[in-house]
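Examination of the molecular architecture
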Amino acid sequence: MIDLRSDTVTKPSAEMIASLSGADFRNNIGDDVYGEDNLTKIFEHEVAELLGKESALFVPSGTMANQLSIKVHTHDGDEVILESDAHIFNYESAAAGVLSRVQLRTVQGEKGILKAEQISDAIRPAAYWYPQTKLVCLENTHNRAGGTVYPLEEIEKISALCRERNLKLHLDGARLWNACAATGIPPKAYAQHFDTVAVCFSKGLGAPAGSAIVGSKSDIAIAHRHRKMWGGGMRQTGVLTAMAQVALACNFPKLKEDHAKAKVIAGAFAAHPKFEIDLASVQTNIVAVDVSASGKSEDDVISFFKSRGILIASIKRNFIRLVTHLDISREDAATVASAVQTF
Ligand SMILES: *Cc1c(COP(=O)(O)O)cnc(C)c1O
């Protein structure tokens, strides 16, 4: 099967597995709840450096990374501004309402991108009967918009606005690595504009599990306490961080290949009269295709490809999503392109 449902379906590589043995591994792994896992400490330090922040915290998932960041920046009854298709709003089981008791205020963007003026318009006035706007969350790359990259100039404007209006700014950077690969902009250059950034190692990088939050020492200390409270304190996390370290070192430089494979697949859909695709949105490793002109439901289209050994997911009504990753070869991408032609 050629599995294009997500870039999370990758299997750990031989190098990742190999990192789990040897004297160095045995000497450094320990109980991270006791703060004794050196592999994790070293990795957290490396991630903080890469993103130009004081501290990093390794967490089980991207969802926990985002939700801990919301917890750090808000109090009960505060309001958070984010884009309507944001992962935090759509795919995190209403966690912000339950865990941080905040209200999410969505604003419709263009390809997942909110402009500074739109955010400015959504900030509440000061009267006590309004919720208090505390936090803005951006997403880069934007998952539901099809892997689109947030323009750095807009981030700069939003960051300036947030500082001026005394708001915190968080980045859901589950696929920040892809934005960096597409633009050549280093992670730090994005991260400097945010108070906290969440990154995933289990998306394009291919680690089996794990994410991180980076930010100031004091913010990460608060997140650390809540990670434990929410059941995310894990013991020998070196098993995961050793693999994540290999994933980051080996696979971050390879992400451009995923983007090239996505372009091959996108081109085939664009050439087919029954599919519609906005090629300008295919900026990274995600291909979102409108199937409404095919006269079939997205489920029927997905079944067609499944019968040809290709797994695809639906993202919303009439839209299918294909995501390239490490375990999809150039040949696989060509096979998918041929299958599109036979539709
Ligand atoms: C996948 C994803 C997450 C959440 O990651 P999990 O590890 O699945 O909880 C958060 N944000 C974005 C943009 C994502 O694509």
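The model shown is predicted, which means the values in this text are computed figures rather than measured ones.

As for the site of the ligand
The environment of the ligand is formed by Ser61, Gly62, Thr63, Asn66, His87, Glu92, Glu139, Asn143, Asp172, Ala174, Arg175 and Lys203. Between Thr63 and the ligand, the recorded distance is 2.6 Å, taken from a side-chain N or O atom to an oxygen atom. With respect to the ligand, the side chain of Arg175 contributes an N or O atom lying 3.0 Å from an oxygen atom. Expressed as a share of its isolated accessible area of 380 Å², the protein-covered part of the ligand is 84%. Looking at which element gives the most residues to the shell around the ligand, the answer is helix H4 (residues 62–73), with three residues. When its residues are assigned to classes, the shell around the ligand shows one nonpolar, six polar and five charged.

Looking at the packing of helix H9 (residues 176–183) against helix H13 (residues 255–271)
In the contact formed by H9 and H13, the axes pass within 9 Å of each other and the chain directions differ by 80 degrees. Between H9 and H13, the angle is such that the two are roughly perpendicular. Listed contacts from H13 to Trp177, Asn178, Ala181 and Ala182 of H9 are Leu255, Lys256 and His259.

Some thoughts on helix H14 (residues 298–306)
Turning to H14, its buried residues are Glu298, Val301, Ile302, Phe304 and Phe305. What you see down the axis of H14 is that its buried residues fit within an arc of 155 degrees, all on one side.

Considerations on the state of the cysteines
What the rule picks out here adds up to zero disulfides. Take Cys162: it sits in no disulfide, and the sulfur closest to it among the cysteines is that of Cys137, at 9.7 Å. A relative accessible area of 1% means that Cys162 is categorised as buried.

Thoughts on the sheet that holds strand S2 (residues 55–59)
Taken in spatial order, the seven strands of this open sheet run S2-S8-S7-S6-S5-S3-S4, and their pairing is mixed. Only two strands of the sheet have a single partner each, and these edge strands are S2 and strand S4 (103–107). When the angles between neighbouring strand axes are averaged without regard to direction, this sheet yields 20 degrees. When strand S5 (residues 132–139) meets strand S6 (residues 168–173), the two strands line up parallel, connected through five bridges. What sits directly across from Val136, in S6, is Leu169. On top of the sheet, H4 reaches S2, S5, S6, strand S7 (196–200) and strand S8 (211–215); it is set at about 25 degrees to S8, its chief contact.

Description of a nonpolar patch on the surface
On the surface, Tyr128, Trp129 and Tyr130 cluster together to form a nonpolar patch covering roughly 460 Å² of accessible area. By relative accessible area, which is 74% here, Tyr128 ends up exposed.

Considering the domain arrangement of the chain
Partitioning the chain into domains gives domain 1 (2–9 + 254–341) and domain 2 (14–251). Summarising the inter-unit geometry, the C-alpha centres of domain 1 and domain 2 are found 27 Å apart. Counting residues at the interface gives 19 residues for domain 1, matched by 23 residues for domain 2. Around 1,800 Å² of area is buried between domain 1 and domain 2 when both sides are counted, 49% of it from carbon and sulfur atoms. Joining domain 1 to domain 2, the criterion identifies two salt bridges. Here domain 1 and domain 2 share seven residue pairs in polar contact (both at pLDDT 80 or more) between them. Here the element with the most residues in the side of domain 1 that touches domain 2 is H13; it accounts for four residues. A per-class count over the side of domain 1 that touches domain 2 returns five nonpolar, seven polar and seven charged.

The rules behind these values
- Residues numbered from 1 in each chain as written.
- Predicted model: local features only at pLDDT ≥ 70, side-chain atom pairs only at ≥ 80, totals over all residues.
- Heavy atoms only, no water.
- Near = heavy atom within 4 Å.
- Polar contact = N/O pair within 3.5 Å; in protein donor to acceptor, adjacent residues only side chain to side chain.
- Areas by Shrake-Rupley, 256 points an atom, 1.4 Å probe, with all protein chains shown as cover.
- Helix = DSSP H or I, 4+ residues; strand = E, 2+ residues; numbered from the N terminus.
- Nonpolar A, V, L, I, M, F, W, Y, C, P; charged D, E, K, R; others polar.
- Axes fitted to C-alpha atoms, helices over the stretch in contact; angles between N-to-C directions.
- Parallel < 35°, antiparallel > 145°, perpendicular 65-115°, else oblique.
- Contact = heavy atoms within 4.5 Å.
- Buried < 20%, exposed > 50% of the residue type's maximum accessible area, 1.4 Å probe, protein only.
- Arc of directions from axis to C-beta.
- Disulfide = S-S within 2.5 Å.
- Pairing = 2+ DSSP bridges.
- Patch = residues over 30% accessible without salt bridge, like charges linked within 9 Å, V, L, I, M, F, W, Y side chains within 5 Å.
- Salt bridge = Lys/Arg side-chain N within 4 Å of Asp/Glu carboxyl O.
- Domains from an automatic or database assignment.
- Buried area = accessible area lost by both parts, 1.4 Å probe.

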